[in-house]
Amino acid sequence: MALRLVFMGTPDFAVPTLLEIVGRGHEVVAVYTRAPKPAGRRGMELTPSPVEREARRLGLPVLTPTTLRSADAEATARGHGAAAAVIVAYGLILPKAILEAFPLGCFNLHASLLPRWRGAAPINRAIMAGDAETGVMVMRMEEGLDTGPVAMSEGELMAERVPIGPDATAGDLHDQLARLGADLMVRALGTIERGSLALTPQPQAGITYATKIGKDETRIGWARSWHEVHNHIRGLSPFPGAWFELAGAGAPARIKVLRTTKASGAGAPGTVLDDALTVACGEGAVRILELQRAGRQPMQAQEFLRGTSVAAGTRFS
């Protein structure tokens, strides 16, 4: 029996789950997402979220409230007559009244192996910390930050584990987890349909928090070890992007680094060691593979060097 559902999500990460739910025949009676944001050079155009674009393409009703902390929001949520809500990177806090508006509960797809990396930026933080693996889990939401019990089926946790490759970026991992998470969520909904979903509290040991990425932590600190520099860069790639400044004839140019790998060599931190964009770190070195000038498209290192002279001995700051 198909479930009557409300879906709440905003970014690209949430789109595969929405599509999978609809494709499996569930009735999505409303899609909640963040309101369109100003875009374009002058910020005059309003750009809908990826979830809104897909929902409208599918002919689903879309709601973009600025808050859910009101009696009207509660009444609207209850008025959908949905059995449950599915939440994937929505971006608004769900107060108790909304969590209780759906008889079966609100189920969140979270991109980490809870209780590790609760919070806003689990994919980025896992890579930046040098974790060897991560994954996705389904959790029934409660008022705390990602503290709710996690789903189980036939005595096993409903989770997908993913090894984090040594050069994998946040973008790579994002796409992989989005696909796996969509399948995991529909399997969890299947257990709800069959009445066989079980829930278990999260362990109290091993709790960490994935705080939102701040602008003050995006600049590359070349004085750190190559491993820390490498993890920092790939954990912020492609967005918001780790960056350095390259001195030139005018003001220094800000360059985002999107991909690196371990390299050999040593020198003063931030010094270019060869003609292949190998850069010395506080310990060891990294080779830049892909980068992006402000306002330009990403490019491979060889393409960048064809248009920009960067000799050995150049210092990146």
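Now for a description of the structure that goes with this document. Only a predicted model underlies this, so the values are computations on that prediction, with no experimental measurement involved.

### Section: helix H1 (residues 15-23)
Then, number 1: Val15, Thr17, Leu18 and Ile21 are the residues of H1 that are buried. Seen from one end, H1 has its buried residues packed into an arc of 165 degrees, which puts them on one side.
Then, number 2: The inward-facing, buried residues of H1 contact strand E1 (4-9), strand E2 (27-32), helix H2 (50-57), strand E6 (84-88), strand E7 (105-110) and helix H6 (170-194).

### Regarding the environment of Arg24
Then, number 1: Within the secondary structure, Arg24 sits in the loop between H1 and E2.
Then, number 2: On the basis of relative accessible area, Arg24 is assigned to the partly exposed category, the value being 48%.
Then, number 3: A sequence separation of 64 residues divides Arg24 from Val88, and the C-alpha atoms of the two residues are 17 Å apart.
Then, number 4: The contacts of Arg24, once residues within four sequence positions are left out, are Asp183 and Val186.

### Some thoughts on the packing of aromatic side chains
Then, number 1: Taken as a whole and assessed by the stated rule, the structure comprises 3 aromatic pairs.
Then, number 2: Ring geometry for Trp222 versus Phe316: centroids 6.3 Å apart, planes at 45 degrees, classification tilted. One end of the pair, Trp222, is in the loop between strand E14 (209-210) and helix H7 (226-235); the other, Phe316, is in the segment after helix H8 (301-307), with 94 residues separating them in the sequence.
Then, number 3: You can call Trp222 buried: its relative accessible area is 4%.
Then, number 4: Phe316 gets classed as buried once you look at its relative accessible area, which sits at 4%.
Then, number 5: The structure contains a cluster of three or more aromatic residues connected by ring pairs, namely Trp222, Phe244 and Phe316.
Then, number 6: Sitting over the ring of Trp243, Arg254 keeps its end group 3.6 Å from the ring centre.

### Here we look at the packing of H1 against H2
Then, number 1: Following both chains from N to C, one finds H1 and H2 inclined at 25 degrees, their axes separated by 9 Å at the closest point. On the basis of the axis angle, H1 is roughly parallel to H2. Considering the relative orientation of H1 and H2, their crossing is right-handed. Contacts between H1 and H2 pair Val15, Leu18 and Leu19 from the former with Pro50, Val51, Glu54, Ala55 and Arg57 from the latter.
Then, number 2: In the contact of H1 with H2, the residues fall into 6 nonpolar, no polar and 2 charged.

Parameters and conventions
- Every chain is numbered on its own, with residues counted from 1 as its sequence reads.
- Given that the model is predicted, a residue must reach a pLDDT of at least 70 before its local features are reported, and side-chain atom pairs must reach 80 or more before they are shown or counted; all residues, however, enter totals for whole chains, interfaces and linings.
- Water and hydrogen atoms play no part in the side-chain values, which are based on all heavy atoms of the structure.
- Exposure is judged per residue with a 1.4 Å probe applied to protein chains only, and the accessible area is read against the type maximum: over 50% gives exposed, under 20% gives buried, and values in between give partly exposed.
- Comment: elements are numbered from the N terminus, with helices defined as DSSP H or I runs of at least four residues and strands as E runs of at least two.
- An arc is given here, and it is the one of the directions from the helix axis to the C-beta atoms.
- Between two residues, a contact is recorded if the distance between any of their heavy atoms is within 4.5 Å.
- Classification of ring pairs rests on two measures: the distance between centres of Phe, Tyr or Trp rings, Trp counted by its six-membered ring, which must be within 6.5 Å, and the angle between planes, read as stacked under 30 degrees, edge-to-face over 60 and tilted in between.
- Lysine NZ or arginine CZ positioned within 6 Å of the ring centre and within 35 degrees of the ring normal marks a charge as sitting over the ring.
- Only the contacting stretch of a helix is used when fitting its axis, a line to C-alpha atoms as for every element, and angles between N-to-C directions run 0 to 180 degrees.
- In these notes the angle categories are as follows: under 35 degrees is roughly parallel, over 145 is roughly antiparallel, 65 to 115 is roughly perpendicular, and the rest is oblique.
- Working rule for handedness: look at the near helix, and if it is turned counterclockwise from the far one by less than a right angle, call the crossing left-handed; if clockwise, right-handed.
- Polar here means any residue other than Ala, Val, Leu, Ile, Met, Phe, Trp, Tyr, Cys and Pro, which are nonpolar, and Asp, Glu, Lys and Arg, which are charged; Gly is therefore polar.

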